[in-house]
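Notes for the structure review
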Amino acid sequence: METQIKVGTACIKGALSSAHLLCGGGGCRAVLASCGAFIAFDLAGIEFESIGGISGGAIPAVLRASEKDLDSIIRLALNLKFNKLITRRDGMWLPSNIARPQYGIYDSANLGSFVEGVGCRWSSRFWTAAVSNDSILAFLAKGTFQRRISIHNSSDWHKLSTNVPGIGLAIRATVAIPAFISGIPSPFEDGEFLFDGGLGPEGRCPVSIPRSLFGASKGILIVIDVGSEGSLGTRVIEYLGRLVTGTKWSSPELPIYIDQSIILVRPKITQVTTFDFTARKDLKWFAIIEGYLATFEKLKELGCLAGNPVEAASEWIVATNIFRNDMKKGFLKALFSIENKYDRLPR
């Protein structure tokens, strides 16, 4: 029997067999929320034709697209020390560095090594993106595609090169923030650098990429968007990034979300911040669960979950509540109970 998903007033047949996933940007929040969303997708049995990610969302996206199993991804997220992947550069950062935004406070070399070290590779269904000069570059296994920022037609993508950066370099490029996390020298234009793909005119969730380059306009596109954190530090960094790259500021609430073929999941991640590189394990677990719950509720609302998946999902919710009670009894007890509870959860 063909699955039907109602999105707004539309009824889309066979949606689960032609779904696409976009893990939006948002630093550490995006990493953890997307990992939680994967749990709900597994329970619902949803497979994706394409999986893309921007900025922090690119990390779980490339893990998933590289066929990493869910257990491995969740454990990596829980045990990952972000401050070992994004490390402080030697020397003092000065206001004058704004004139040389390619040199940030932090360096992402270890992140690239990590991505390659855990076996991530270019998959035919994975993509990510970066901003360079007046262009947005989309990196796919089959090559690099370009869209000029000055051109308002979001479907105007053309193939720039059959070459694509190494997978580690591509992930480093999409997380680079001018004057904060060092940019990556562009392999396509001398003297130019690659920065966070979320600095383009579509913001942290550039839906035109899967639609134009993967045919997502013919199926369902699920977008995981943790939203704007709203803190002063984050706003300053975002504003500086757009100022340096020359892109216009765009509202986090993209009008394109009104499109009936887009399923928008908005996890409310308050346990960790965008640049919380030293987040505790217990708080990361909460963020993962929030990503799971938001996705579960959306899929349940659309009729994608029934029977056993709902029962399994309920066990996840019970385990989370038990963990919250453990937190009240003491941090250490809660900390050491995380993976034990995860081991007992349904698969």
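So, here's what we can say about the structure. (Residues numbered from 1 in each chain as written. Predicted model: local features only at pLDDT ≥ 70, side-chain atom pairs only at ≥ 80, totals over all residues. Heavy atoms only, no water.)

Membership of the largest hydrophobic core comes to 74 residues, with the highest contact counts inside it found for Leu21, Phe41, Leu111 and Ile222. If you tally residues by element for this core, the top one is helix H1 (residues 27–44), at twelve residues. In this structure, Phe41 is in contact with Leu21, Ile46, Phe48, Ile222, Ile224, Thr295 and Leu299, ignoring residues within four places of it in sequence. Ile54, Ala138, Leu140 and Leu213 belong to the second largest nonpolar core, which has 23 residues in total. (Core = buried A, V, L, I, M, F, W, Y, C linked by side-chain atoms within 4.5 Å. Buried < 20%, exposed > 50% of the residue type's maximum accessible area, 1.4 Å probe, protein only. Helix = DSSP H or I, 4+ residues; strand = E, 2+ residues; numbered from the N terminus. Contact = heavy atoms within 4.5 Å.)

If you trace the backbone, Ile209 turns up in helix H7 (residues 208–213). In this structure the C-alpha to C-alpha distance between Ile209 and Phe145, which are 64 residues apart in sequence, comes to 9.3 Å. The residues touching Ile209, leaving out its near neighbours within four places in the chain, are Trp127, Ala129, Ala138, Trp157 and Phe214.

Moving on, we come to the packing of aromatic side chains. To describe a pair of aromatic rings, you give the distance between the ring centres and the angle between the ring planes. Counting across every chain of the model gives seven aromatic pairs. Centre to centre, the rings of Tyr106 and Phe180 are 5.3 Å apart; their planes meet at 65°, and the pair counts as edge-to-face. With Tyr106 in strand E6 (residues 106–107) and Phe180 in the loop between helix H6 (167–175) and strand E11 (184–185), this pair connects stretches of sequence that are 74 residues apart. Taking the relative accessible area as the measure of exposure, Tyr106 reaches 18% and is therefore buried. (Phe/Tyr/Trp six-rings, centres within 6.5 Å; stacked < 30°, edge-to-face > 60°.)

Let us now look at the side chain of Thr274. Considering the arrangement of structural elements, one finds Thr274 in the loop between strand E14 (262–265) and helix H9 (281–301). A relative accessible area of 6% places Thr274 in the buried class. A polar contact is formed between the side chain of Thr274 and the side chain of Arg29, at a distance of 3.1 Å. (Polar contact = N/O pair within 3.5 Å; in protein donor to acceptor, adjacent residues only side chain to side chain.)

This part covers the pairing of strand E3 (residues 19–23). With five of five residues buried, E3 is to be regarded as a mostly interior element. What you see with E3 is no split at all: Ala19, Leu21 and Cys23 on one side and His20 and Leu22 on the other are buried throughout. In the sheet, E3 pairs with strand E4 (residues 48–53) via five bridges, with the strands oriented parallel. Each residue of the ladder has a partner; that of Cys23, found in E4, is Gly53. (Pairing = 2+ DSSP bridges.)

Take unusual backbone geometry next. Most of the time, phi is negative for any residue but glycine, and the peptide bond is trans. The residue Ser55 is not glycine, and still its phi comes out positive at about 55°. In this fold, Ser55 is placed in the loop between E4 and helix H2 (58–65). The buried category is assigned to Ser55, whose relative accessible area is 8%.

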